[in-house]
Amino acid sequence: MRTDLLLLLLLLIAPLPWLDQPVHYDEANFLTLAEGAARDPWRPHSVRINWQGTEQPAFEVLSNPPGIAWWQAPMRGQPIPLRRAWMLPWWWLAAWGAWRLADRIAGSPSAALPLLAAPVALLSSAALLPDGPLYALVLAGSAGTLEADRGGRRIWPWALVLGCASLFRYSALPLPLVWIAWALATDRRGHVPGLLAGFLPSGLLALHDLHAYGDVHLLAMGRFQSVSNTLPDLHHKAAAALAMLGGAVALPIAVPGRGAGGPMLAGALIGAGLGAAWGWQGALFAAAGGAALGSAGGAGRERLRLGLWAGGGFLSLMALRFTAARYWLPFAPAVLMGLHRQGSPAQHRIAALLSASLGLALLEDQHRAATAQRDLAEVAVRIGAQAEAPSTLPPDPPEPPGWFAGHWGFQWYMEQAGWRAVEAGAAVPAGRLLATAREAWPQPVAGRCVPFVRREIRPEAAGLRGYAPSQGANLHANWVMGDPDPVRTVLPWAWSGEAYEGLVICRGE
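Conventions used here
Residues numbered from 1 in each chain as written. Predicted model: local features only at pLDDT ≥ 70, side-chain atom pairs only at ≥ 80, totals over all residues. Heavy atoms only, no water. Helix = DSSP H or I, 4+ residues; strand = E, 2+ residues; numbered from the N terminus. Rg over C-alpha atoms; globule rule 2.2 N^0.38 Å. Areas by Shrake-Rupley, 256 points an atom, 1.4 Å probe, with all protein chains shown as cover. 1 Å grid on protein atoms, 1.4 Å probe; cavity = no way out; pocket = protein on both sides within 12 Å on 5 of 7 lines; lining within 4 Å. Points joined across faces, edges and corners; volume = space filled by probe spheres on them. Nonpolar A, V, L, I, M, F, W, Y, C, P; charged D, E, K, R; others polar. Core = buried A, V, L, I, M, F, W, Y, C linked by side-chain atoms within 4.5 Å. Buried < 20%, exposed > 50% of the residue type's maximum accessible area, 1.4 Å probe, protein only. Contact = heavy atoms within 4.5 Å. Axes fitted to C-alpha atoms, helices over the stretch in contact; angles between N-to-C directions. Parallel < 35°, antiparallel > 145°, perpendicular 65-115°, else oblique. Left-handed = near helix turned anticlockwise from the far one by under 90°.

Asker: Looking at this structure, how should I read the overall build of the protein?
Answerer: Summing up its helical and strand segments, the protein has 21 helices and 13 strands in all. For 509 residues, the compact-globule estimate of 2.2 N^0.38 gives 23 Å, and the C-alpha radius of gyration of the protein, at 23 Å, lies within 12% of that figure. C-alpha extents for the protein along the principal axes are approximately 80 × 50 × 45 Å. Carbon together with sulfur atoms contributes 62% to the accessible area of the protein, which is approximately 19,900 Å² in total.

Here it is as structure tokens:
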């Protein structure tokens, strides 16, 4: 027990060295949404944002409920490390939930260690994203629901906690339904009225949306997400989802429990077949994910619950516009418990150490990539300040210091400096500067723009990379930037020495 508590403490403080990470990936979108919540707490999605190159209300393009915006709104204007520290209480709640859930499902608190050491969990622990609160509420709500079931206590408060996860990501919406299906299948029909409390937060949010926006955001996002459901799209999403599960969420490094060997083998074969279109690495990652997913299946009351939870999650991911490793978080506990519920404490510790090693390596890579984007944004701002403004500019309305193309952290720092995102397909005004981030999904522009500055930031040596276009790896989506079109990918990470980011500054003609 002392060893487990020590490892748990180390996992709890693991995010601290990376609290100074600059804004990166989708964090910029959620910080903008938090700005909207600070200005108008009732209508945070009214804030305008440039996403995919077109400025429009966040209600139209950000597929997430406002929970993270409401949580971050009080920290508006505070330094980024402090805003990351503001996320840590959720990480500590996740630790409590993981400890209790592992004790109830695996009969050993040491099984909580892989739940917290999962690479995607560590990446989300202090991220300015909804994923940390989502994971914490899923773990705590599920653990409390199990304890209430076995202890004969009221189940509705814990179902309510579980339902609150849907205030941070809509992907948590199916979870109360999973528990209701389990109750019906195991002669626990008396739990169903209490479990219905899990839908109360999302129901109240829908009423809020009707009052605030005249439409339900979840329904609007359903229309927005339903654009990639052809057979090639579904094949791609399935392969990517399994590859990310096996490579960054639930690494199949546990000894299979009794009855799990067959489902794991079947899952591995299916995954390998789906991922083979992306080479041997795609087949290997997807096979690992298929085996991990299969571990939640099999006979028995516990495996029925885990199978419904994990299998329902996989089907939910297939309905999304694209997939990412962190999208597994609402369903990761089921897969991780499937892998580790019959393992020994020693196996749990080994699995946690291996998973955490990968997670910390990816955290360091993400920190360096974020720093590169921030540093190149500062280069662009400095060069823009030194550039002579053309005399033909009208004094009114005032023009921004320059224009930029690109998203993620690059967008955040450029906007903080007063630069404006160019609209997709628009031309850069004559004489004005355009700064383009090569990797951060820049929108295309029209007209002629003459480059006069090119910079890039490269690592000193090759290493583990969560975003490596040349290797076809992206932890955060199943696409990478291509020339001229995006390229389908499935790998969650790769070994690469390519540049973190490149910057081009040109002048419009």
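Asker: Explain empty space enclosed by the protein here, please?
Answerer: Empty space among the atoms can be located by rolling a probe the size of a water molecule over them. Across all of its chains, the model carries 5 cavities of 30 Å³ or more by this definition. In this structure, the largest cavity is lined by 15 residues; those nearest its centre are Leu 123, Leu 129, Arg 326, Gln 366 and His 476. Among the elements that line the lining of the largest cavity, the one with the most residues is helix α8 (residues 119-124), at 3 residues. Tallied by class, the residues present in the lining of the largest cavity amount to 7 nonpolar, 5 polar and 3 charged. Of the pockets and cavities examined, the second largest cavity occupies roughly 80 Å³. Around the second largest cavity, the lining is made up of 13 residues, and of these Trp 18, Gln 21, Arg 84, Ala 126 and Leu 363 lie nearest the centre. Elements with a contribution of two residues or more to the lining of the second largest cavity: α8 and α20 (345-386). Residues of the lining of the second largest cavity, tallied by class, amount to 8 nonpolar, 3 polar and 2 charged.

Asker: Looking at this structure, how should I read the nonpolar core?
Answerer: One recurring pattern in soluble globular proteins: nonpolar side chains tend to sit buried together. If you look at the biggest cluster of nonpolar residues, it comprises 148 residues, and the most contacted ones within it are Tyr 135, Trp 309, Trp 328 and Ala 435. Counting residues per element, this core draws most heavily on α20, which supplies 10 residues. Those residues in contact with Tyr 135 that lie beyond four places of it in its chain are Ala 94, Leu 115, Ala 121, Leu 329, Ala 332, Pro 333 and Leu 336. Ranked by size, the runner-up nonpolar core spans 7 residues in total, among them Ala 405, Val 422, Val 428 and Leu 434.

Asker: Would you explain the packing of helix α15 (residues 231-248) against helix α16 (residues 261-275) in this entry?
Answerer: Between two packed helices, the angle of one axis relative to the other and the distance separating the axes together describe the packing. The N-to-C vectors of α15 and α16 enclose an angle of 125°; their axes lie 9 Å apart at closest approach. Here α16 runs oblique to α15, going by the angle between their axes. Handedness of the α15/α16 crossing: left-handed. Packed against α15, whose contacting residues are His 235, Ala 238, Ala 239 and Leu 242, the element α16 presents Gly 271, Leu 274 and Gly 275 at the interface. When its residues are assigned to classes, the contact of α15 with α16 shows 4 nonpolar, 3 polar and no charged.

That is the geometry; function is a separate question.
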